[in-house]
Structure formats: C-alpha cells, structure tokens
Number of protein chains: 2
Amino acid sequence: MIIQKTENSRLPDFDPNNFSFGNTFIDHMVICEYENGKWGDVKLVPYGPIPFTPAMMGVNYGQACFEGMKAYKDKDGQVFLFRPEKNFERINKSAKRLAMPEVTEEMFLDGLKALVDIDRNWIPQGEGMSLYIRPLIFATEEALKARVANKYMFAIVATPAKSYYSEPVSVKISDHYSRAANGGVGSAKAAGNYAASFYPTQLAIEEGYEQIIWTDDATHEYFEESGTMNVFVRINDTIYTPPTSEKILDGVTRDSFIQLAKKRGIEVKIEPVAVKTVIEAQKNGTLKEVWGVGTAVVTTVFQALGYQGEKLELPKLSDEESFAAMLKKDLTDLQNNLSEDPFGWRVVVEKDVLETV
Amino acid sequence: MIIQKTENSRLPDFDPNNFSFGNTFIDHMVICEYENGKWGDVKLVPYGPIPFTPAMMGVNYGQACFEGMKAYKDKDGQVFLFRPEKNFERINKSAKRLAMPEVTEEMFLDGLKALVDIDRNWIPQGEGMSLYIRPLIFATEEALKARVANKYMFAIVATPAKSYYSEPVSVKISDHYSRAANGGVGSAKAAGNYAASFYPTQLAIEEGYEQIIWTDDATHEYFEESGTMNVFVRINDTIYTPPTSEKILDGVTRDSFIQLAKKRGIEVKIEPVAVKTVIEAQKNGTLKEVWGVGTAVVTTVFQALGYQGEKLELPKLSDEESFAAMLKKDLTDLQNNLSEDPFGWRVVVEKDVLETV
Ligand SMILES: Cc1ncc(COP(=O)(O)O)c(C=O)c1O
Ligand SMILES: Cc1ncc(COP(=O)(O)O)c(C=O)c1O
C-alpha cells in the first residue's frame, strides 16, 4: 500500500457535536485504479478531487456500485468494523452483475482498515455515533460507446455519522412504481437503482408518506424492500421477511436481525410476504409491527401503511413490547462492544496497521 | 454563452481516415452547472478534465442520463443536426424520471449548435461519416446520502463517427434477463440501464450471439428492444414494432422509420410483438426480416434469432428486397442532404452562430 499522509488535517475544524452527515469527509481516502486487465497499487491519500471529463463512462453508462458500512468506537477508544467480509462479498456480487472487475480481499479489507486506522480520530464516540464508510467501484474510462469499460477506480471514502435515531414514518405500499425487474439488477448495490427510486419517493412524499414499500413489478402483490432497507413484518409473535432474490438486496442488517431474533427464540419466517396478508392482519389486529433495516439508521419503524388510498395505522408499541426496538438494541450493543459477540461479527481495527501492511 | 476557445487545437493530429470512434474527442465541450436551484452560465470550453472526488453523487447514486445524436456534413460542407428537438424532449423526460433538473431549450439547442459550429472542421465528410454528440446531465454534488442531489452538470461532448456499416448479427431472445421493470426507468436514457445490460449481453456472446432481444421481465413473451436499439419485425409485407411505454425507449430512429415506411406506403403496425408470433412466422416462412434501429448504426439486420436453445435463421434479402435496407437509405439520404426533407427534420448549423448567440 502506498501511503501519502495529509499535511493539512481538517480534524481541528471538525466538531463532533455539530457536523453535517454525508458532507463532512475524513482527511484521507483509499484509491486504486484498474487498467490493462489488472488493479494497480492501493493508495491511501488525502481526500480530494481527481480529474475526470464528462465522457467518463461511470456517469454515461452507469457501471458503478458501492457499499455502505460503519466503524464504531467503544468507550475505551477501540475501533471496530462490523462483518466487513459481508460487504466485501457483496461489492463483488454487484461488480459481477454490472460486468465490472471484482476487487481483492486485500484491497478491500486492508484498505478499509488502513483508512479507518489513519483517521481513527475522526470517529465520533457515543451512542449511535459512528464513521460511515463508502467503498465504491466505478468506470473511469473516457469513451462514448455503450460497452464494458476498460478502466475503473476502486475508492473508499468516509464521513462521520450521527445518532441513528429515526422517527417512526408512514410508508406507501407501491402499486405502480418498482425498484427491480425479474432478471434485473435489484440484488446488486448498483448506482442506478438509487436514482430510479428518487422520483417515485418524491411522489409518495407529496401524498404524505416518507418512504415506499417496494412491491414486485409484475403484480405489486408481494413486499420486496422498503426505501433503501430490507423489510420485516411481525404478525402476532412471528417475524416475516421476504427471501433474498435477484430483486432484493441481501442486507447485512437483515441477516443480523434474523440471527439475533433466532437467538432470542423468536420465530422468523423467511418467505414471500403478500400485501394481502399484511393488510388482513392489520384489519384483524394481528399486525404488530412493520419496519425497515439497514446500516444507515439500523431500524426505521413504520407508523402507518398507505395502500390504495387508505392510511392503515399500526399499533404504537413500547420499547419493551417491540421486537424491532429489542433487536435494534441487541445489534447496536454488539456493534458498539457493549455486549458479548457470540457470532464473531466485530472486527477490531488495530492501531498502526499501517506499519504492518 | 461564455466562450473560451482552445489555444491548442488537436485537429492537425486528427486523421479522418484513421481514428478510433468514441475515444477521439473534438477540441471543445459545453458545460453548465446547476446549483442553488438554478442553472448557471452555459460555457463553451476546451475539452478536458474537471475535478471530482469519488463521493460525487453521479457515480454513487446513478443520477445521470444522456442523449446520443449526430451532426452530418454534406458534400458542400454544410452541417446539419437531425431532429434535435426530439433529443431535447427526451433528455428532459429522462431527467424528470431520475428526479434531476430539466435543461432549457436554449442550453440544449444553442449549446449544441455552438459546439458543432466551433468544431465543424472535426466533422468527417463522406458516406456514413458524422459527428456523434453526447449531451448528458449528471449529479456532481459530493455527499454520501442516498437522496436527490443539489448540484448537477449538463455537458455536451462529441467524437467523430465512422461509417455505420454493420454486419448482420445473431440475437438471443431473452428468457431470463431483462432491461426494464414495470414502473421502472426503461423509457429513460438512464445511465444505469446500460450497465445493467452488459453482463446479460456478455453471457449471450458466450453462447454465440452478438446481442439480446429484450423481452418483458414478467413473462418474456413480448419483444421490447434489441441491445440499445428499438426493434422492427417484418412478416410478409407488414412491419411490426412494439408501442413505446415506460419500459421502452422512444427512439428517434424508430419514429423516423415509422414515418418513412408510411410515406412509402408500407403497412406499419404499432402493437405488442409476441415472441410466439415471430417464432411461428419463422417456422412457416412468413418472417422476412427482423432488425434494430438507433442513432449509432441506424440499422442492424439480424441473421438469426436464438430462442430456447435453437438458432432460427432468417432469410437473406438483397438490398432491393429488404425494407430495412430501403428505409435505412431513405433515412441516411435525408440526414446527409442527399434527398428532399418533406418532414423538416434537418436543422442547419449556421456558420459563426457564436457571433450571434
Ligand atoms: C436497496 C437496499 N436494501 C437494503 C439495504 C440494507 O443493507 P445493509 O443492511 O447491508 O445496509 C440497503 C443498504 O443500506 C439498500 O441500499
Ligand atoms: C435503449 C435504447 N433503445 C433505443 C435507442 C435508439 O434511440 P435513437 O433512435 O433515438 O438513437 C437507444 C439509443 O440509441 C437506446 O439506448
């Protein structure tokens, strides 16, 4: 790894109690360029611009995929990644589906650790605080031809992240728009999937909702995901979530929730979730909770479901009654080194890994 | 418009008889930046790099759409655009679907004309030669949050284009992969649609085909498009093409072919094209031609259709017998000012429009 430390750290200007998530970047970034069929040196360099022309294939033909993950700092200042090998596997799954070169475990994991280590002082401490990390791969070749690119960049950038507290939201069950096609790229974390979701979400917001529950594009009879999260439904004391497929992103939080629920002895059914079943359960009072899960906010609880012009209210459960709240706490305690880690999910970021890589 | 002419024209090094399409860029480009809810000045500047970090939202969340169009030079050196208002309408349709700001007619059409005018000496002359022009809009804001961006760039770049001659190809009728979902972004020229098509196309190539005929994602029973082209089928002496929809790009070449066919008195049916109908016609000998149309190569004729493991051959028609060849000639003659233009499709690019805009 080639390391070029910044000479102008912006850290003295960073106020961990007052910053804007997503727009505040840590001092460094990792970059690695692909050309002539292979990846070059991994470089840890000051965060900053790289020259590209508007003919860059990444913005013309959308060969671009990313990951979203976090580093957590415990009360002693130890820093942890959470299941980073899952993000490594997934970025390569996305890359493959978009005909992009896969990255090596070394590039991904050593790059991550080196970046988090060198900028560990940027990681805010305290409940819900973390460093949000964005590995991505995008086509950099400059060419006006709709074909697989020959040049790519792998990069890792990061921004400090605030408390993941999020208000309960109202969601609209989609009956027209969709995020994924059969035989499409829904299970890839493809850049284009997100752009496609913004307009339908804006329309839902105009109708008084905050998010969309995506349903299958052919019939709109089955739940797929919610916003940029996987979705869970609780009917009586059983939790349901759709199986992953080529249309559903295989979320790390989803998988962790399933395992944590099973550990608590909660019954989890991984099977298609029919809109009809959920609506019926709401009508007959057996629908207890519906929520979304993802790395960014861990859990977003839904207070109402919009369906065919009706707004169906969900019960307000206390933190003791709510499976969503309980599992969220199980997960965040584990991530923040406040509980045991029977699964081996935490990965310590050693100090000065730079000296050893 | 702010004009900054290059002081180092690369034109003396450009050999119109020996250049690489798509990688050779003309001296200038148009750029215009969107910020604080509005577009800034349109600038005509030397083609070259602009600094972006890997946090650029265009490559993270795929808010990026483009157009593909051409300028043609006739034997007297006059330069024409072809139906540019169609591309203007379409880029705004794409922008809207991706929750991006629409561009003004002035930015788009005056920008195009100024660019083509200033670099008119780059446009190769002769049969099939042209300047391929790429207007695009992409999100430039740097932020790690899956939301609508606040900063964008509109740009126009261009590359000289060679003869559009293309060999007949074999195409696979897709029975698994798809390019568009119901309620998705298939009718937008969204960057992400192209990345999504590369891997399925690679698989088809491994099976001995050159392209894919995309079918509807739910049943694979209906033709949608072929590669990055709209598709036409001729059974006996009637031409069929699927109606445009939210899954099918409203191609300028498609529309022009329909009008040119009608002008010739050929029967054109714009209706769903069932795979079954096409296969049956092939078996009973009434299937005469299947071809794709688009700006880049105008027409690609298919010599065989792959369906469920079978390779179904198509008749080899002479240029006199082929509707595809006849309509292609009608279109290219019109584009190159070799024939009348009863439709008013040609738009002259005046010399020194720069002085007047
Ligand atoms: C579409 C989509 N679904 C689900 C998720 C949740 O995945 P994870 O739990 O790995 O963050 C994400 C990412 O956050 C996503 O973008
Ligand atoms: C997906 C797709 N379909 C069809 C076409 C043909 O459109 P046009 O004739 O406007 O070039 C294009 C663009 O070339 C395309 O990208």
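What you see is a predicted model; the values in this text were computed from it and never measured. (Residues numbered from 1 in each chain as written. Chains lettered and ligands numbered in written order. Predicted model: local features only at pLDDT ≥ 70, side-chain atom pairs only at ≥ 80, totals over all residues. Heavy atoms only, no water.)

1. Quick notes on the side chain of Gln63(B)
Residues and elements named next belong to chain B. Selection criterion: Strands are runs of DSSP state E lasting at least 2 residues, helices are runs of H or I lasting at least 4, and numbering of each runs from the N terminus. Burial classes: relative accessible area under 20% of the type maximum marks a residue as buried, over 50% as exposed, and values in between as partly exposed (1.4 Å probe, protein chains only). Think of a polar contact as two N or O atoms within 3.5 Å of one another; within protein, one of them needs to be a possible hydrogen donor and the other a possible acceptor, and neighboring residues in sequence only count if both atoms come from side chains.
Residue placement: Gln 63 occurs in the loop between helix H1 (57-61) and strand E6 (64-66). For Gln 63, a relative accessible area of 1% corresponds to the buried category. Separated by 3.1 Å, the side chain of Gln 63 and the backbone oxygen of Ala 99 make a polar contact.

2. Quick notes on the site of ligand 1
Residues and elements named next belong to chain A. The condition that has to hold: Residue proximity to a molecule or strand is established when one non-hydrogen atom of the residue lies within 4 Å of it. Each accessible area is a Shrake-Rupley estimate made with a 1.4 Å probe; only the visible protein chains count as cover when residues are assessed. Amino acids are sorted into nonpolar (Ala, Val, Leu, Ile, Met, Phe, Trp, Tyr, Cys and Pro), charged (Asp, Glu, Lys and Arg) and polar (every other residue, Gly among them).
Close to ligand 1 lie 15 residues; Tyr 194, Glu 225, Val 252, Thr 253 and Thr 295 are nearest. In this structure, Thr 253 approaches ligand 1 through a side-chain N or O atom, which is 2.5 Å from an oxygen atom. At a separation of 2.6 Å, an oxygen atom of ligand 1 approaches a polar side-chain atom of Thr 295. Computed on the free molecule, ligand 1 has an accessible area of 390 Å², of which 95% lies beneath the protein chains in the complex. Listing elements by their share of the shell around ligand 1, those giving two or more residues are strand E14 (229-235), helix H5 (252-263) and strand E17 (287-294). Broken down by class, the residue content of the shell around ligand 1 amounts to five nonpolar, six polar and four charged.

3. Some details on the packing of helix H2 (residues 84-97) of chain A against helix H3 (residues 105-118) of chain A
All names here are of chain A. Let me state the cut-off plainly: The angle between two axes is taken between their N-to-C directions and runs from 0 to 180 degrees, where each axis is a line fitted to C-alpha atoms and a helix contributes only its stretch in contact. Roughly parallel refers to an angle under 35 degrees, roughly antiparallel to one over 145, roughly perpendicular to one between 65 and 115, and oblique to any angle outside these ranges. A clockwise turn of the near helix away from the far one marks a right-handed crossing, whereas an anticlockwise turn of less than a right angle marks a left-handed crossing. Working rule for contacts: check all heavy atoms of both residues, and any pair within 4.5 Å makes them a contact.
The N-to-C vectors of H2 and H3 enclose an angle of 140°; their axes lie 10 Å apart at closest approach. By the angle between their axes, H2 is oblique relative to H3. Crossing of H2 against H3: the hand is right-handed. Note on element contacts: H3 touches H2 through Glu 105, Phe 108, Leu 109 and Leu 112, opposite Pro 84, Glu 85, Asn 87, Phe 88 and Ile 91. The class makeup of the residues in the contact of H2 with H3 is six nonpolar, one polar and two charged.

4. Brief notes about the domain arrangement of chain A
Residues and elements named next belong to chain A. For clarity, the cut-off: Segmentation into domains, and thus their bounds, comes from an automatic or database assignment. What counts as buried area is the accessible surface, traced by a 1.4 Å probe, that two parts surrender upon association, with contributions from both included. A pairing counts as a salt bridge when a side-chain nitrogen of Lys or Arg comes within 4 Å of a carboxyl oxygen of Asp or Glu.
Considered domain by domain, chain A is made up of domain 1 (2-163 + 346-356) and domain 2 (169-316). Relative placement of domain 1 and domain 2: their C-alpha centres are 28 Å apart. The interface of domain 1 with domain 2 comprises 16 residues on the first partner and 18 residues on the second. Of the roughly 1,500 Å² buried where domain 1 meets domain 2, counting both sides, 57% is carbon and sulfur surface. Contact with domain 2 buries surface across domain 1, with Phe 66, Arg 90 and Arg 97 losing the most and accounting together for 36% of the total. Seen at the junction of domain 1 and domain 2, the total is one salt bridge. One salt bridge connects Asp 255 with Arg 83, and the closest N-O pair in it is separated by 2.9 Å. One can count ten residue pairs in polar contact (both at pLDDT 80 or more) joining domain 1 with domain 2. When contributions to the side of domain 1 that touches domain 2 are tallied by element, the ones reaching two or more residues are strand E6 (64-66), strand E7 (69-73) and H2. Among the elements that take part in the side of domain 1 that touches domain 2, H2 stands out by supplying six residues, more than any other. Within the side of domain 1 that touches domain 2, the residues separate by chemical class into six nonpolar, three polar and seven charged.

5. Examining the pairing of strand E9 (residues 130-139) of chain B
Residues and elements named next belong to chain B. Note the threshold: For two strands to be treated as a pair, DSSP must find no fewer than two bridges joining them.
Where burial is concerned, most of E9 is hidden: ten out of the ten residues are buried. Burial of E9 is two-sided: the residues Ser 130, Tyr 132, Arg 134, Leu 136 and Phe 138 facing one way and the residues Leu 131, Ile 133, Pro 135, Ile 137 and Ala 139 facing the other way are all buried. Of the pairings in the sheet, the one linking E6 to E9 comprises three bridges and is antiparallel in character. Bridging across to E9, Cys 65 finds its partner in Ile 137.

6. Things to note about H2(A)
Residue and element names in this part refer to chain A. Where we set the bar: The span one expects for a helix is its residue count, reduced by one, times 1.5 Å.
The terminal C-alpha atoms of H2 lie 20 Å apart, and with 14 residues this matches the ideal 20 Å at 1.5 Å per residue to within 8%. Where H2 is concerned, the buried positions are Pro 84, Asn 87, Phe 88, Arg 90, Ile 91, Asn 92, Ser 94, Ala 95 and Arg 97. Positive phi appears at Ala 99, one or two residues downstream of H2, with a value of about 60°.

7. What to know about unusual backbone geometry
The backbone of Ala99(A) shows a phi angle near 60°, a positive value even though the residue is not glycine. Within the secondary structure, Ala99(A) sits in the loop between H2 and H3. When its relative accessible area of 10% is taken as the criterion, Ala99(A) is described as buried. For Asn36(B), which is not glycine, the phi dihedral falls at a positive 50°.

8. Overview of the pattern of salt bridges
Where charged atoms from two side chains of opposite charge approach closely, those side chains can pair. Applying the stated rule across the entire model yields 32 salt bridges over all chains. The closest approach of N and O atoms between Asp217(A) and Lys247(A), which form a salt bridge, is 3.6 Å. Of this pair, Asp217(A) sits in the loop between strand E12 (211-215) and strand E13 (223-226) while Lys247(A) sits in the loop between strand E15 (238-241) and H5; the two residues are 30 residues apart in sequence, bridging distant segments of the chain. By the burial criterion, Asp217(A) is buried, and Lys247(A) matches it. Two residues, Lys283(B) and Glu310(B), come together in a salt bridge whose shortest N-O distance is 3.3 Å. Highlighted residues: Lys283(B) in helix H6 (residues 275-283) and Glu310(B) in strand E19 (residues 310-313), separated in sequence by 27 residues. Take Glu310(B): its relative accessible area is 41%, and that puts it in the partly exposed class.

9. Re the interface of chain B and chain A
Every contact between the two is made by 66 residues of chain B and, on the other side, 66 residues of chain A. In total, chain B and chain A occlude about 5,100 Å² of area from one another, counting both sides; carbon and sulfur atoms represent 64% of this. Three residues stand out in chain B for area buried against chain A, namely Pro54(B), Leu144(B) and Phe198(B), and they jointly supply 14% of the buried area on that side. Our enumeration of links across chain B and chain A arrives at zero salt bridges. Between chain B and chain A we count 22 residue pairs in polar contact (both at pLDDT 80 or more) in total. Put simply, the parts of the chain that give the side of chain B that touches chain A at least two residues each are strand E5 (50-52), H1, E6, helix H2 (84-97), E9, strand E10 (152-161) and helix H4 (191-206) of chain B.

10. Some points on the site of ligand 2
Residues and elements named next belong to chain B. Taken together, 15 residues are adjacent to ligand 2, and Lys 189, Tyr 194, Glu 225, Thr 253 and Thr 295 come closest. Within the backbone of Val 252, one N or O atom sits 2.8 Å away from an oxygen atom of ligand 2. Coverage of ligand 2 by the protein chains reaches 95% of its 380 Å² of free accessible surface. Of all the secondary-structure elements, those providing two or more residues to the shell around ligand 2 are strand E14 (229-235), helix H5 (252-263) and strand E17 (287-294). Across the shell around ligand 2, the residue classes tally to five nonpolar, six polar and four charged.

11. Quick word on the relation of the copies chain B and chain A
The cut-off we apply is this: Copy-to-copy alignment: least squares on C-alpha atoms, limited to residues at pLDDT 70 or above in both.
Once chain B has been moved 0.0 Å along the axis and rotated by 180°, it coincides with chain A to within an RMSD of 0.0 Å. The transformation relating the two chain copies, once decomposed into turn and shift, fits a two-fold axis. By residue overlap, the copies meet face to face through one surface: 100% of the interface positions of chain B are interface positions in chain A.

12. Details of the packing of aromatic side chains
Pairs of aromatic rings are described using the distance from one ring centre to the other and the angle between the two planes. The line we're drawing: Two aromatic rings from Phe, Tyr or Trp, using only the six-membered ring of Trp, form a pair when their centres are within 6.5 Å; if the ring planes differ by under 30 degrees the pair is stacked, by over 60 it is edge-to-face, and anything between is tilted. By definition here, charges over rings are those cases where NZ of Lys or CZ of Arg is within 6 Å of the ring centre and within 35 degrees of the ring normal.
Considering all chains together, one arrives at 35 aromatic pairs over all chains under this definition. Pairing Phe14(B) with Phe19(B) gives two aromatic rings, centres 5.2 Å apart and planes at 55°, and the pair type is tilted. Each member of the pair Phe14(B) and Phe19(B) is classed as buried. Seen in terms of ring centroids, Phe88(B) and Phe108(B) are 5.7 Å apart; in terms of plane orientation they differ by 50°. Their pairing is tilted. In this pair, Phe88(B) sits in helix H2 while Phe108(B) sits in helix H3 (residues 105-118), placing the two residues 20 residues apart along the sequence. Ring pairing ties together the aromatic residues Tyr34(A), Trp39(A), Phe88(A), Phe108(A), Tyr152(A) and Phe154(A), which thus form one cluster. The lysine or arginine in question, Arg234(A), covers the ring of Phe323(A), its NZ or CZ lying 3.6 Å from the ring centre.

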